[in-house]
Amino acid sequence: MNNDAESLKQLFFEYLQIEKNASPYTLKYYAHDISIFFEFLKQEGISSLGEVDHHVVRLFLTVLHDKKLSRRSVSRTLSCLRSFFKFLEREIVVQHNPFIQIVLPKLNKPIPSFLYMEELEKLFEANNLEEPLGQRDQALLELLYATGIRVSECQQLRLQDIDYFIGTVFVTGKGKKERYVPFGRFAEIALEEYINNGRNILLAKAAVKTDYVFLNARGNPLTTRGIRTILDKIVERASLTIHVHPHKLRHTFATHLLNEGADIRTVQELLGHENLSTTQIYTHVTKEHLKKVYMSSHPRANK
C-alpha cells in the first residue's frame, strides 16, 4: 500500500483513541487486522483504498477462509474493516463502504461456566490470613467475587477508589467508562485487613511507593497476569481440580445475582456492559441451573 493509505490508517487510530476512547486491546487487534488487509491488497496489486469494492471484499473473504481462521477471528477482522471504511467514507476518501453489506459470521455463544458456593467456600478458606500475601489473596478473591469487576479494572484500583463509608469501588472500564460498584461486608473486612496490615508490609519492600491497591511480593503493583497466577495458586491450595480465571469469578458474580432474583438491567449496570444482549447470556446459565435443580428435585420430573 502507498503512504496515503498508511496516513489514513494513522488518522483512523487517532479517531479511535480520541473520539471512541478505544482500549489498547482494540487498537492492537485493529492494527493487526488492517495490516493483514493491506498485505492482501498489495499482493493483489491494488494500490488505492478507493479501488476496494464488493468483489475485492469477497476475494479477501476467500483468503481468510483458506487460512482456516475461527469464525470469531473472521468476524473481528470484518468488523474492524467495516469501521475503518466507515471512517474513510465519513472523511470522503471512498464513495461507499464495501463492507457494509457483508454479513458477519454467526458466532457460537458458549454458556459461561461459573462456580458453585461449595467451590467458592473452599477458595475462601485456602488463604493464610496471618501472612501479608494471604491477606492480599483473600482481599483479591473477595473483591472479584463481590463486585464482578474485570481483571484489568481490579489491577488498576487505587486506594482512593475504595469508599468504605458507602461500600463502593470506583472503576474505569472499557472505553474509559467509569462506574461505581458496591461491595459487601466480607469484601470490606478482607480489604481493611489487607490494606491496614499486609499491604503496608509489602509496600515497605518497594523502592518507590505506590497507591495501587494490590501489590506483589516485592511491593510493586500487581499485573493482570500476576492476578491470574494468584488465582491458580489459591485453587492449588484449595485442592480443587477446577480452573479459576478472573472472568470466571465475573461469570459467577452475575449468575449468582440472577439466580437470587436480581433484575437483569441492574446486573448489566454492575458489570459495565454497554449492551443488554451481552448480559443476557447469563440468563441462559440461570435457566440451565433451574432446569437442573428441577430435574434432580421434583418427584415426577424424571421418566
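Right above here is the structure, for reference.
Per chain, residue numbering runs from 1 following the sequence as it is written. Whole-chain, interface and lining totals are the exception, using all residues; otherwise, since this is a predicted model, local features are given only for residues with pLDDT of at least 70 and side-chain atom pairs are given and counted only at 80 or more. Side-chain calculation: all heavy atoms of the structure are included, whereas hydrogens and water are not.

Draft legend 1. Focus on the overall build of the chain. Each helix is a run of H or I in the DSSP string that is no shorter than four residues. Each strand is a run of E no shorter than two, and both are numbered from the N terminus. Counting secondary structure elements, the chain contains twelve helices and three strands. Dimensions along the principal axes, computed over C-alpha positions, put the chain at roughly 65 × 65 × 35 Å. Out of the 303 residues in the chain, the part that is buried amounts to 43%. For the chain, the accessible surface area stands at approximately 17700 Å², while carbon and sulfur atoms represent 52% of it. Within this scheme the basic residues Lys and Arg register as positive and the acidic residues Asp and Glu register as negative, but His and the chain ends are omitted. Charge positions come from single atoms, namely NZ of Lys, CZ of Arg, CG of Asp or CD of Glu. Between the mean site of the 40 positive side-chain charges and the mean site of the 35 negative ones, the chain shows a separation of 5 Å. Three exposure classes are used, based on accessible area relative to the maximum for each residue type with a 1.4 Å probe and protein chains only: buried under 20%, partly exposed in between, and exposed over 50%. Accessibility throughout is a Shrake-Rupley quantity obtained with a 1.4 Å probe, and a residue counts as covered only by protein chains that appear here.

Draft legend 2. Molecular detail of the sheet that holds strand 1 (residues 162-163). Here we have three strands laid out as an open sheet, ordered 1-2-3, and antiparallel in their pairing. Strand pairing shows two members of the sheet lacking a second neighbour, strand 1 and strand 3 (178-182), which therefore form its edges. Pairing of strand 1 with strand 2 (residues 168-172), which is carried by two bridges, proceeds in the antiparallel orientation. Note that in strand 2 the partner of Asp163 across the bridge is Thr168. If DSSP finds at least two bridges between two strands, the strands pair.

Draft legend 3. Representation of the packing of helix 2 (residues 24-43) against helix 3 (residues 54-66) in the model. Between N-to-C directions, angles span 0 to 180 degrees; the directions come from axes that are lines fitted to C-alpha atoms, helices contributing only their stretch in contact. At a minimum axis separation of 11 Å, helix 2 and helix 3 run at an interaxial angle of 110 degrees. Classified by the angle their axes make, helix 2 and helix 3 are roughly perpendicular. In this structure, helix 2 crosses over helix 3, and the sense of that crossing is right-handed. Where helix 2 abuts helix 3, its residues Ile36, Phe37, Phe40 and Leu41 lie against Val56, Leu59, Phe60 and Val63. Ten residues, namely Ala, Val, Leu, Ile, Met, Phe, Trp, Tyr, Cys and Pro, are considered nonpolar, four, namely Asp, Glu, Lys and Arg, are considered charged, and the remaining ones, Gly among them, are considered polar. In the contact of helix 2 with helix 3, the residues fall into eight nonpolar, no polar and no charged. For classification, angles of less than 35 degrees are called roughly parallel, those exceeding 145 degrees roughly antiparallel, those between 65 and 115 degrees roughly perpendicular, and all remaining angles oblique. Less than a right angle of anticlockwise turn of the near helix away from the far helix marks a crossing as left-handed, whereas a clockwise turn marks it as right-handed. The contact rule is simple, with two residues in contact once any of their heavy atoms fall within 4.5 Å.

Draft legend 4. Here's a closer look at the nonpolar core. We call a set of buried residues a nonpolar core when its members are Ala, Val, Leu, Ile, Met, Phe, Trp, Tyr or Cys and they connect through side-chain atoms within 4.5 Å of each other. Within the largest apolar cluster, 48 residues are counted, with the highest numbers of intra-cluster contacts made by Leu123, Leu144, Ile149, Val169, Tyr194, Phe214 and Leu249. Beyond its immediate chain neighbours, meaning those up to four positions away, Ile149 contacts Leu143, Leu144, Cys154, Leu157, Val171, Arg179, Val181 and Arg250. By size, the runner-up hydrophobic cluster in this structure holds 33 residues, among which are Phe13, Phe40, Phe60 and Phe87.

Draft legend 5. Highlighting the pattern of salt bridges. When a carboxyl oxygen of Asp or Glu is within 4 Å of a side-chain nitrogen of Lys or Arg, the pair counts as a salt bridge. All told, the structure shown has ten salt bridges when counted by the stated rule. Close ionic contact of Arg150 with Glu153 constitutes a salt bridge, the shortest N to O distance being 2.5 Å. In terms of burial, Arg150 and Glu153 fall into one category: buried. Here Arg179 and Glu153 are joined by a salt bridge, their closest N and O atoms 2.9 Å apart. Of this pair, Arg179 sits in strand 3 while Glu153 sits in helix 7 (residues 151-155), and the two are 26 residues apart along the sequence. In this structure, Arg179 and Glu153 share a single accessibility class: buried. In the salt-bridge network here, residues are joined through shared partners; they are Glu19, Arg90 and Glu91.

Draft legend 6. Quick peek at helix 10 (residues 246-259). How far a helix is expected to stretch is found by multiplying one less than its residue total by 1.5 Å. Taking 1.5 Å as the rise per residue, helix 10 with 14 residues should run 20 Å; its terminal C-alpha atoms sit 20 Å apart, in good agreement. Where burial is concerned, most of helix 10 is hidden: eleven out of the 14 residues are buried. Along helix 10, the positions that sit buried rather than exposed are Pro246, Lys248, Leu249, Arg250, His251, Thr252, Phe253, Ala254, Thr255, His256 and Leu258. Downstream of helix 10 by one or two residues, Gly261 has phi in the positive range, about 100 degrees.

Draft legend 7. How the structure looks around unusual backbone geometry. Backbone geometry at Ile92 places phi at a positive 60 degrees, although glycine is not the residue there. Tracing the sequence through the fold places Ile92 in the loop between helix 4 (71-90) and helix 5 (117-124). Owing to a relative accessible area of 69%, Ile92 belongs among the exposed residues under this scheme. Residue Ser239 is not a glycine yet carries a positive backbone phi of 60 degrees. Along the chain, the position of Ser239 falls in the loop between helix 9 (224-237) and helix 10.

Draft legend 8. Here's a closer look at the pairing of strand 3. Burial along strand 3 is one-sided: Arg179 and Val181 are buried, and none of Glu178, Tyr180 and Pro182, which face the opposite way, are. The pairing of strand 2 with strand 3 spans five bridges and is antiparallel. The partner of Phe170 across the bridge, within strand 3, is Tyr180. Following strand 2, the chain reverses through five residues before pairing antiparallel with strand 3; Gly175 in that reversal takes a positive phi of roughly 65 degrees.

Draft legend 9. Examining the packing of aromatic side chains more closely. Only Phe, Tyr and Trp rings are paired, with Trp represented by its six-membered ring, and only when their centres lie within 6.5 Å; those with planes under 30 degrees apart are stacked, over 60 edge-to-face, the remainder tilted. The tally for this structure, following the rule as stated, stands at 19 aromatic pairs. Centre to centre, the rings of Phe37 and Phe60 are 4.9 Å apart; their planes meet at 80 degrees, and the pair counts as edge-to-face. In this pair, Phe37 sits in helix 2 while Phe60 sits in helix 3, placing the two residues 23 residues apart along the sequence. Judged by its relative accessible area of 0%, Phe37 is buried. Arranged with centres 5.7 Å apart and planes meeting at 70 degrees, the rings of Phe37 and Phe99 form a pair that is edge-to-face.

What is shown is where atoms sit, not what they do.
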